[in-house]
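Below are the chains, spelled out letter by letter.
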Amino acid sequence: MPMDEYSAANLAQWDERVDIHYRSDFYGVERFKAGETTLEPLEREEMGSVEGKSLLHLQCHFGMDTLSWAREGADVTGLDFSPLAIEAARKLSNESGVPGRFVESELYDAPEALDANFDVVYTGLGALCWLPDIRGWVQIVGHFLKPGGVFYILEGHPIMWALDDDTPEEPMHIRWPYFETDQPQNPEGWDDDETYSGTGEKMQNTRSYNWGHGLGEIVTALIDVGLKIEFLHEHKTCAWRAYPWMVKGDDDLWRVPNHPDRLPLMWSLRAVKEA
Ligand SMILES: C[S@@+](CC[C@H](N)C(=O)[O-])C[C@H]1O[C@@H](n2cnc3c(N)ncnc32)[C@H](O)[C@@H]1O
């Protein structure tokens, strides 16, 4: 399918991010090579054992989470639309000695690029905001899952994504649509010359586009594609400092200061494809 102007801009930026991220302390490639996992304790616990299972990671970036699942015993495949991310993922697999297969494909075209199905389909943090159509995404999840297979996701909460970045502290303001619309949340695009990795390096491809998807829209779409939801958890913590006002706890997770009960920051869900 020809790529629209929004996804083309996002792809150019993701390609450029790869090298910056690969060298960043934020991602910690050397720590990974030394044996560290990049998975959150929460997702390892909630996913359960992946030992001996085939696992597809959608939107895998350069494969750190994918290969971390391999270290947990899974036979992993990572998929991403960025050719530079896929190249870097293969390099990381070779250099770390952790086996993994990596496939370059636009998410919605994935069935044309990958002829297989899996015991587990996984999506990690910071993935859904890049996708315009959540119902199209669940079709892909359902397509790749074997009957009885498990889908697991840990993501930033849609209400957190809808907040105004420029709000320094409480009261926080909603700036972007919470629900999916036929335009990106920011039809003019975000302009940012640095990535969230905090290296300070400048990017040429400054423009990107995100989409909101309400939690009800996401969960209902998963049910409609034949998934049986085991749990949906909303979390008061965030795995990264998504906004400057967040405060870090002893567990290395970030929170809303003073009133952590006011706002969910991440959500996670485990579901099984009915046989
Ligand atoms: C923040 S990363 C998520 C991976 C992982 N949680 C991480 O933090 O490294 C988002 C990934 O989505 C990929 N992506 C964005 N839009 C995509 C699309 N339409 N099809 C396939 N991959 C896409 C990007 O290339 C990027 O690697």
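Here the structure is a predicted model, which means the values were calculated and not measured.

### Let's talk about the nonpolar core
- Grouped together as the largest cluster of nonpolar side chains are 43 residues, with contacts concentrated most on M47, L55, F62, W69, L92, C238 and M246.
- The set of elements that each furnish at least two residues to this core consists of α1 (5-22), α2 (29-33), α4 (64-71), α5 (83-96), β4 (118-123) and β5 (145-156).
- In terms of residue count, α5 provides more of this core than any other element does, 5 residues in total.
- Once residues within four sequence positions are removed from consideration, M246 is found in contact with M160, C238, W240, R241, W254, R255 and L265.
- In this structure, V103, L131, I134 and V219 belong to the second largest nonpolar core, which totals 29 residues.

### Some thoughts on the site of the ligand
- Lining the immediate surroundings of the ligand are 16 residues, of which H61, D80, E106, L107 and L125 lie closest.
- Contact distances for the ligand include 3.3 Å between an oxygen atom and a side-chain N or O atom of Q59.
- At 2.6 Å from an oxygen atom of the ligand is found a side-chain nitrogen or oxygen belonging to D80.
- Protein contacts shield 94% of the accessible area of the ligand, which totals 580 Å² for the unbound molecule.
- Taken together, the residues that form the shell around the ligand break down as 8 nonpolar, 5 polar and 3 charged.

### Observations concerning the pairing of β4
- Among the 6 residues of β4, 5 are classified as buried, and the element is accordingly described as predominantly covered.
- Across 4 bridges, the pairing between strand β1 (residues 54-58) and β4 is parallel. Opposite H57, over in β4, you have Y122 as the bridge partner.
- Inspection of the sheet shows β4 paired to β5 by 5 bridges, in the parallel sense.

### A look at the packing of helix α7 (residues 134-144) against helix α9 (residues 215-224)
- Relative to each other, α7 and α9 sit at 40°, their axes nearing to 9 Å. In this view, α7 runs oblique relative to α9, as classed from their interaxial angle. Seen along the crossing, α7 lies across α9 with a hand that is right-handed. Where α7 abuts α9, its residues I134, R135, W137 and V138 lie against E217, I218, T220, A221, L222 and D224.

### Observations concerning the confidence of the model for the chain
- Predicted confidence across the chain gives a mean pLDDT of 95, with 98% of residues reaching 70 or more.
- Ranking the elements of the chain by mean pLDDT puts strand β6 (residues 190-191) last, at 86, and β1 first, at 99.

Calculation criteria
Residues numbered from 1 in each chain as written. Predicted model: local features only at pLDDT ≥ 70, side-chain atom pairs only at ≥ 80, totals over all residues. Heavy atoms only, no water. Core = buried A, V, L, I, M, F, W, Y, C linked by side-chain atoms within 4.5 Å. Buried < 20%, exposed > 50% of the residue type's maximum accessible area, 1.4 Å probe, protein only. Helix = DSSP H or I, 4+ residues; strand = E, 2+ residues; numbered from the N terminus. Contact = heavy atoms within 4.5 Å. Near = heavy atom within 4 Å. Polar contact = N/O pair within 3.5 Å; in protein donor to acceptor, adjacent residues only side chain to side chain. Areas by Shrake-Rupley, 256 points an atom, 1.4 Å probe, with all protein chains shown as cover. Nonpolar A, V, L, I, M, F, W, Y, C, P; charged D, E, K, R; others polar. Pairing = 2+ DSSP bridges. Axes fitted to C-alpha atoms, helices over the stretch in contact; angles between N-to-C directions. Parallel < 35°, antiparallel > 145°, perpendicular 65-115°, else oblique. Left-handed = near helix turned anticlockwise from the far one by under 90°. pLDDT = per-residue confidence, 0-100.

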